[in-house]
Structure formats: C-alpha cells, structure tokens
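# Structural overview for review
Read off the chains here:
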Amino acid sequence: MSERNDNEVVVAGSFKISDLWRKEDWLSIWIAFVLTAVAAVGALTGAFDFSGAKFGSWAFSASEFTDPAKARGAADVLTMALAGKLALTFAVFALFFAVANRLEGHRAFRFVAAFAGMFALVSVVRFLSAEATCRHYLEYAFWALLLGLVVSNTVKTPQWLRPALRTELYIKTGLVLLGAQVLFSNIQKFGLYGLGIAWGVTPVVIVFMWWYGVRVLKMSNQPLVITVAAATSVCGTSAAIAAAAAARAKKTDLAFAVGSSLIFTVIMMVGMPFFIKAIHVDPMIGGAWIGGTVDSTGAVVLAGQALGDVGGQVAALVKMIQNILIGFVALGIAIFFSRSGSATTAGGGGRPGVGEIWQRFPKFILGFIAASFVFSFVMQPVFGVDATNGVIGRLKEFQNWAFALAFTSIGLETNFKELCSQVQGGKPFHLYIVGQLFNLVLTFAVVWLLLSGRLFPVPVLAA
C-alpha cells in the first residue's frame, strides 16, 4: 500500500451507470421513493398504516401545559402502540439503509448492529425533546445535535457506532421526503426570488474572495483561494471538492477548506436562528438568509426549521437553487485555471465536460423536485387535498427520524479539537472569515431588498 501523500491533487471522478444503484445520492432517492409509495398505498386504500413513530408532548408537571386538563406524563406517552411504531420505524430504516450500505460496498450486518445502538440513542433524544419545556425552547434536531456533540467531545464516539454515522445518506433521504411537502406552486412562486438570492450573490462572493485573497492578502496558493471561496459561497464540502478538483488543488488545501466550513457551519447552524429570532426578523427573510449563507444543506434545513414551516421551506429552496451552481462553478474554475496556468500541474489541467458537471451535481435535488412535482400535479388533482395531506402526514415522521439520525450523526462526528487541528491561522483563515462576513452582509441585503415588500411583492407560500 502506498503512503498517503498530502500533496496529491484532488481529481474528479467520472459517471458510470452503476452509480444509479451504488452512489449515495441515488440510493437516498430510491429509499425515499419506496417509502413514499408504500405510505401512499396504505393511506389511499386504508389497508394499513405505514407511518413513523411519533412521541407526543409530555411534561413532568401539568403546569407546563397551557391547558392543564390536557397534560400528559411520560407514562401516558410510552404506550404499546408507540412501541409497535418504534419497532416498525427501526425495521424499515435498518432494512433500507443496510441494503444501501451493501450496495455501496460496506458491511450490511456491521451497519445493522451499529444502527441498533444509533436508533436507541435517537429514540431517547426524541422522547426527551418531546417534553414540554424542552420542546418550547428547541426542536428535536437541536437536542440530537447537542447530544452528539457532548458525546463526541467528552467520552468520544465509540468505534462500534461509527458504521451507523451516515449523515449524508440520512439527510438526503429526509430531503427527498421533504420534497413531497413542498408544493410545486411554492417553488414556482419563490423561484425568481431564490435565483436572485442564490445566483445573484454567489458569483459576487467568489469574485470578491478571489480578489481579496490574491490581491489584498497576496496568497500565492491560488487553488487554495478558489477552493475556500467556493466552499464559503456555495455549499461547503460539496463545492470545495468540486472546486479543488477543477483547480487541481492539493488535498491539504481541500482539508483546510472543509475543516473551516464544518466549524462555522456548526456555529452558524446554532447561532443564526437565535439571532434572527432575537432581532425579530421575518421568518421568510430569516430562512432565505440562512439558505444563502450556511454551507451545508442539512444544516440549512435544521436552522431553517427552527424558524417554522415557512422559514424551513424558504431556507431549503434557496439552498437547493444555490446547489445547482456547483457544476457551473467547477466548469468556470477549470476553464479559468486551464487558461491562466494557475492550476497545480500535477495530473494535468483541462476543462470538465458534461459528464463531470453531471457527476458534481447533487442528484438528490432531482428526487426533491420529482417528489414535489408528483404530489403537486398528480396526487392532489387525482386524489384530492385531504387524501394527499394524509399521505404527507404519514411521511412526515419518517422524514423527522431521518433528520434526527442525521443531526445526531453530525454531533457524533464533530470533534472540535480535531477540526481546529486542521484549521491553522494566517492568511487562509483570514480569507475565510472576511469572505463569510461579506457573504452574510451581502446576502442579507439582497434578501431584504427582494422579500421585505419594499420593492417587490412578498410571495405567499402554501402551508
């Protein structure tokens, strides 16, 4: 086995037909589609109830409820019916995610053993987060993240649990399921606003960070500059990988960009919703601001949902519109570096073709849009609004469990000491901080101009 070389350049892969059943993006789509189909058959025929487990609200004291007559204690929530639903939810996810792991080349049985522990941990989180006081202050996803962070940064995440830490698979599956709840009419209504926010700001941030890094800070490592700029302005890790491959950056450059992005993603994911609520920003404006600035799609969904349904929908829509830029940004970077001769020469330069753009495009977005399209233009017209909402209601808890699994995984994978060891000070860190601050200010300005109602009508999104 050859020794790891940190100076090795990042090279993009090529698309294969087998990616359709071996790659995470596609597998998340198929899992979500099968769950949707089974839930729809059960709901529309009334033959069976296929839905995820849901913990009802409970409290230690009846005084914690607005109406004490409706107060419930822990014993009232922990019923045999709930136990049955928990067993069903575990069995469904264990089966589908184990198959996905096997298709990706991992050990299925090892995953199932780890997933059993993971599901038990998340079940405890969801139960405790349903307590009235906990629920009043933070949603379940925040408690899941917090528990994971506490474990990872104190006693450390046990090795036997790590096969079940499939953050991206969980979050992508949840996002495709979320697509069924985002009516296509909302995408149409918000589309131009989203384009203005995501596509209007992103290129400006990239150009500004390039100018600041090369001209002001006089950084000679130009592939690092553009990789950090892409991670900051588009969507964190995915954009950093695409940009690093296009610019022929070194793996150490990619590690820095990803490490910086992960640290500030966690900070912004937790801090922005609190700040937005504290200064009483409208949830739609706040959601769009989060969608345009927080790097990770999963973190955007978590932070957006903390602002309510509208904030969550808008945050997801802006981020997904922004994600579409990944391929185009990679293409532009590759063309620029191949012509300017700035790219690392190892391995050769060259422009990415259509196949590489397709390879870098987040495929789960297609599943999100397809789910929205089917529920908007097939389910509602054929079966009616009530029946469609019945199906969505059954999918909602599967989506919540997928998100809870994802955010617990994020916490368990996030060790601040290890991340900080990847992020050194100096000019690269200076570039990231200045670029992110510029991104926050510019995005908020554009969001306010488009959604405040001063210049353009505010889009009305259906619940």
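Before reading further, recall that the structure is shown in the block above.
Attention in this report is confined to the structure presented alongside it. (Residues numbered from 1 in each chain as written. Predicted model: local features only at pLDDT ≥ 70, side-chain atom pairs only at ≥ 80, totals over all residues. Heavy atoms only, no water.)

Turning next to the overall build of the chain. Of the regular secondary structure elements, the chain holds 21 helices and zero strands. In the chain, 80% of the contacts between residues at least 6 apart in sequence involve partners at least 24 apart. Surface accessibility of the chain: about 20,300 Å² in total, with carbon and sulfur atoms responsible for 66%. (Helix = DSSP H or I, 4+ residues; strand = E, 2+ residues; numbered from the N terminus. Contact = heavy atoms within 4.5 Å. Areas by Shrake-Rupley, 256 points an atom, 1.4 Å probe, with all protein chains shown as cover.)

Take helix α7 (residues 140-153) next. In this model α7 runs 20 Å from its N-terminal to its C-terminal C-alpha over 14 residues, within 8% of the 20 Å that 1.5 Å per residue would give. Among all positions in α7, only Y140, A141, F142, A144, L145, G148, L149, V151 and S152 are buried. (Expected span 1.5 Å × (residues − 1). Buried < 20%, exposed > 50% of the residue type's maximum accessible area, 1.4 Å probe, protein only.)

Inspection of the entire model under this criterion finds seven salt bridges. Across the salt bridge formed by E24 and K172, the nearest N and O atoms sit 3.2 Å from each other. With E24 in helix α2 (residues 24-45) and K172 in helix α8 (residues 167-179), the pair connects residues that are 148 residues apart, well separated along the chain. A relative accessible area of 18% places E24 in the buried class. Exposure remark for K172: the relative accessible area of 11% places this residue in the buried category. The closest approach of N and O atoms between E397 and R126, which form a salt bridge, is 3.1 Å. (Salt bridge = Lys/Arg side-chain N within 4 Å of Asp/Glu carboxyl O.)

So, about the environment of A231. Structurally, the position occupied by A231 is in helix α10 (residues 222-235). Sequence separation between A231 and D295 is 64 residues; the distance between their C-alpha atoms is 7.2 Å.

Once that is clear, we can look at helix α15 (residues 309-323). In an α-helix, one turn spans 3.6 residues, which is why side chains three or four residues apart end up on the same side. A rise of 1.5 Å per residue sets the reference length of α15, with its 15 residues, at 21 Å; its end C-alpha atoms lie 21 Å apart and thus fit the reference within 8%. Counting buried positions along α15 yields 13 of 15 residues, so the element is predominantly enclosed.

Another aspect to go through is the packing of aromatic side chains. The final tally for this structure, using the stated rule, is 25 aromatic pairs. An angle of 45 degrees between the planes, with centres 6.5 Å apart, marks the rings of F55 and W401 as tilted. Here the residue F55 occupies a position in the loop between α2 and α3 (74-77), and W401 occupies one in helix α19 (residues 385-413), the gap between them amounting to 346 residues. Note on W401: relative accessible area 0%, which makes it buried. Judged by centre distance (4.7 Å) and plane angle (15 degrees), the rings of F119 and W401 are stacked. Here F119, found in helix α5 (residues 108-129), pairs with W401, found in helix α19; they are 282 residues apart in sequence, far enough to count as distant. Accessibility classification places F119 together with W401 in one group, the buried group. Its end group placed over the ring of W401, R126 keeps NZ or CZ at 5.0 Å from the ring centre. (Phe/Tyr/Trp six-rings, centres within 6.5 Å; stacked < 30°, edge-to-face > 60°. Lys NZ or Arg CZ within 6 Å of the ring centre and 35° of its normal.)

Among the nonpolar cores identified, the biggest contains 136 residues, and F93, F97, F115, F407 and L451 are the most heavily contacted of them. At 13 residues, the largest contribution of residues to this core is made by α19. (Core = buried A, V, L, I, M, F, W, Y, C linked by side-chain atoms within 4.5 Å.)

To continue, consider the packing of α7 against α19. Put simply, α7 and α19 touch, their axes get as near as 6 Å, and they point 25 degrees apart. Between α7 and α19, the angle falls in the class roughly parallel. Helix-helix and strand crossings are classified by hand; for α7 and α19 the assignment is right-handed. Residue-level inspection shows Y140, A141, A144, L145, G148, L149, V151 and S152 of α7 in contact with α19, the latter providing N400, F403, A404, F407, T408, I410, G411, L412 and E413. The residue inventory of the contact of α7 with α19, partitioned by class, reads 11 nonpolar, five polar and one charged. (Axes fitted to C-alpha atoms, helices over the stretch in contact; angles between N-to-C directions. Parallel < 35°, antiparallel > 145°, perpendicular 65-115°, else oblique. Left-handed = near helix turned anticlockwise from the far one by under 90°. Nonpolar A, V, L, I, M, F, W, Y, C, P; charged D, E, K, R; others polar.)

Let us look at the side chain of E397. As for its placement among the helices and strands, E397 is situated in helix α19. We classify E397 as buried; its relative accessible area is 8%. Excluding residues within four positions of it along the chain, E397 makes contact with G52, A53, K54 and R126.

Attention shifts here to the environment of F456. One can find F456 in the segment after α21 (427-451). Since its relative accessible area comes to 40%, F456 is described here as partly exposed. Measuring from C-alpha to C-alpha, the distance between F456 and Y193 comes to 9.6 Å, with 263 residues separating the pair along the chain. Sequence-distant contacts of F456, that is, excluding residues within four places in its chain, are made with Y193, L449 and L450.

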